[in-house]
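# A closer look at the structure
Each chain, written out:
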Amino acid sequence: MCSSSLTSIHLACEAIRGGQCDTALAGGVNLTPHPNKYLVLGRRDFLSSDGRCRSFGEGGDGYVPGEGVGAVLLKPLARAVADGDRIHGVIKASAVNHGGRSSGYSVPTPVAQGEVIADALSAAGVDPGALGYLEAHGTGTSLGDPIEVAGLQRAFRRVGGPERLAVGSVKSNIGHCESAAGIAGVTKVLLQMRHGELVPSLHSATLNPHIDFDRTPLRVQHTLEPWQRVVVDTEDGQRALPRLAGVSSFGGGGSNAHIVIEEYPAEYQQPAGPVAASAGPALLVLSAKSEGQLVEQARRLHARLGELSDADLPAVAFTLQTGRMALEERLAFAATSLTEARDLLAAFADAPATPGPWNRGTARPDRPADGAAVGAAVTAWRERRGHEALLALWAEGGEVDWDLVGGTTTGPRRISLPGYPFARERCWFDIDTEGAPGVPQAVPTAKSSCCGPAGAICPPPGPPPRARRSPNGTSSSSAGSAARTARP
């Protein structure tokens, strides 16, 4: 349910800690490919009446479904540092639990919600008073949000907490991504850490009157403002702690999850070694499935390089060489500065079919590159910095071991660069029903009834029974009715 993606992150972390794997991809996907979902939700009164998700705001009477997909790559911190990875944050701890029996399937319990938050904070080994932000579940229902606030208060009474804590919910911006709700909240927290800012939670200018925020340490984030680090006194003077945040995700049926994320300060992400004086030009390589996507790759990289400095050029080359899959359509060139690299990228993007001071080729499985020639080209680069043959062979499909090429830095690191520009292709099923056999319809008779013993009368077709409103502001119905609705 709605805690799925956060639970997947928790399980991935546990698998890494337990030695079941060294690296994990975890996240969630939520798509709505058929309108039946909205028909059912609308009939049962689950949806917000005005299409707004009012997390902690007045007037929330339902939720707003959203679509989304997200994932994180997880590694032990020490290994990520050794591998030169770009580290977006550190998961200090995570916890999951279940609320058990409650008065309804969609009715949460503040006791279990408080316990899962307190368990995660205790396992994290951090000072709960250092929390600077909490990404709440915040579905925006008039009674569900107060239950969440009650759970937070229970957690802080057990383990302690900050005197004042900003809270918000990304659901007010993008809707409730359900099975991807947790990864959406994690993404928001990581982006806030990267930019050092807290962003506003929307549609909550007038707060939910069922929540007395003055009696809690919580404040709903209404404006864009700097995310100040907590400063503590030490024997050596004052020290600013890394930014610390919690993310909650509560699923229908009572499945709860919470993780504690700590900032990985940018000053820690320095190159592991200086650039060698005789390193020569940086070798930049790009590839894609089609020429159109290759051109878009060049445009995106051109824009990104405008945000960097010449000191980042070796890291850019290393990331392109070792952090990307080599696809069929290829572009390679050498550059001694970011300005030169941007000029070449712009020239190629403007006229990709025109020859220029770059190597452009297509890798073909039926025409493999000469392995011996590639090896000789690598040797020529390492000994004399002769890059022409190496780039030409790679552009034509040569398999280059870039770890052997080396020579750009004594301790290479990866840097954040644009991802792959996937082609925007619509993938709809076109179903031709012409000539298809008709589906026979059962006709009830006095001897054979569709919904009971012989002689019973079927009710006329119509909307399902009116749902009753549950305490968390969403609606629910009997389990049998819900099952009958969901089964088709």
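Anything mentioned here points back to the structure above.
The structure contained in this document is the topic of the report that follows. Per chain, the residues get numbers from 1 upward, laid out in the order the sequence is written. pLDDT decides what is reported in this predicted model: residues at 70 or higher carry local features, side-chain atom pairs at 80 or more are listed and counted, and totals for whole chains, interfaces and linings draw on all residues regardless. To obtain the side-chain values, all non-hydrogen atoms of the structure were used and water was disregarded.

Let's shift gears to the overall build of the chain. Secondary structure follows DSSP: runs of H or I at least 4 residues long count as helices, runs of E at least 2 residues long count as strands, and numbering of each begins at the N terminus. Helix and strand content of the chain: 14 helices and 17 strands. Looking at the 488 residues of the chain, the share that counts as buried comes to 45%. The contact definition used throughout considers only heavy atoms, calling two residues in contact when any of these lie within 4.5 Å. Counting contacts in the chain only where the partners sit at least 6 residues apart, residues at least 24 apart contribute 77% of the total. Calculation of accessible area relied on Shrake-Rupley with a 1.4 Å probe; when residues are assessed, cover is drawn exclusively from the protein chains displayed. Total accessible area on the chain is roughly 25600 Å²; 54% of this is exposed by carbon and sulfur atoms. Only protein chains enter the accessibility calculation, which uses a 1.4 Å probe. A residue is then buried if its area is under 20% of the maximum for its type, exposed if over 50%, and partly exposed in between.

As a further point, take the environment of L190. The topology assignment puts L190 in helix α7 (residues 181-195). In this structure L190 touches H88, G89 and I261, once residues within four positions along its chain are discounted.

What follows deals with a nonpolar patch on the surface. To count toward a patch, a residue needs a relative accessible area above 30% and no salt bridge. Like charges then connect within 9 Å, nonpolar side chains (Val, Leu, Ile, Met, Phe, Trp, Tyr) within 5 Å. Throughout this description, the term salt bridge denotes a Lys or Arg side-chain nitrogen within 4 Å of a carboxyl oxygen of Asp or Glu. On the surface, V29, L31 and V69 cluster together to form a nonpolar patch covering roughly 320 Å² of accessible area. Within the fold, V29 resides in strand β1 (residues 24-30).

Right, let's get into the packing of aromatic side chains. Stacked, tilted and edge-to-face pairs are distinguished by plane angle, under 30 degrees for stacked and over 60 for edge-to-face with tilted covering the rest, among Phe, Tyr and Trp rings (Trp via its six-membered ring) whose centres lie within 6.5 Å. This structure, assessed with the given rule, holds 4 aromatic pairs. Ring geometry for F348 and W358: centres 5.7 Å apart, planes at 85 degrees, overall edge-to-face. Separated by 10 residues along the polypeptide, F348 in helix α10 (residues 338-350) and W358 in the loop between α10 and β15 (359-362) bring together distant segments of the chain. Residue F348 is classed as buried on the basis of its relative accessible area, which comes to 0%.

Bringing the packing of helix α11 (residues 371-384) against helix α12 (residues 388-395) into the picture now. Remark: α11 packs on α12, axes separated minimally by 8 Å, with the N-to-C direction vectors making an angle of 145 degrees. In this structure, α11 crosses over α12, and the sense of that crossing is left-handed. Side by side, α11 and α12 meet where A373, V374, A377, V378 and W381 of the first sit next to A389, L390 and L393 of the second. Classifying every residue of the contact of α11 with α12 by side-chain character gives 8 nonpolar, no polar and no charged. The angle between two axes is taken between their N-to-C directions and runs from 0 to 180 degrees, where each axis is a line fitted to C-alpha atoms and a helix contributes only its stretch in contact. Rotating anticlockwise by less than a right angle from the far helix to the near helix defines a left-handed crossing, while the corresponding clockwise rotation defines a right-handed one. Residue polarity is assigned by list, with Asp, Glu, Lys and Arg as charged and Ala, Val, Leu, Ile, Met, Phe, Trp, Tyr, Cys and Pro as nonpolar; anything else, Gly included, falls into the polar class.

Once that is clear, we can look at the pairing of strand β2 (residues 68-74). By the alternation rule, side chains of β2 split into G68, G70, V72 and L74, which are all buried, and V69, A71 and L73, of which none is buried. Should DSSP find at least two bridges between two strands, the strands are regarded as paired. By the bridge criterion, 7 bridges tie β1 to β2 in an arrangement that is antiparallel. Along β2, the bridge assignment pairs N30 with G68.

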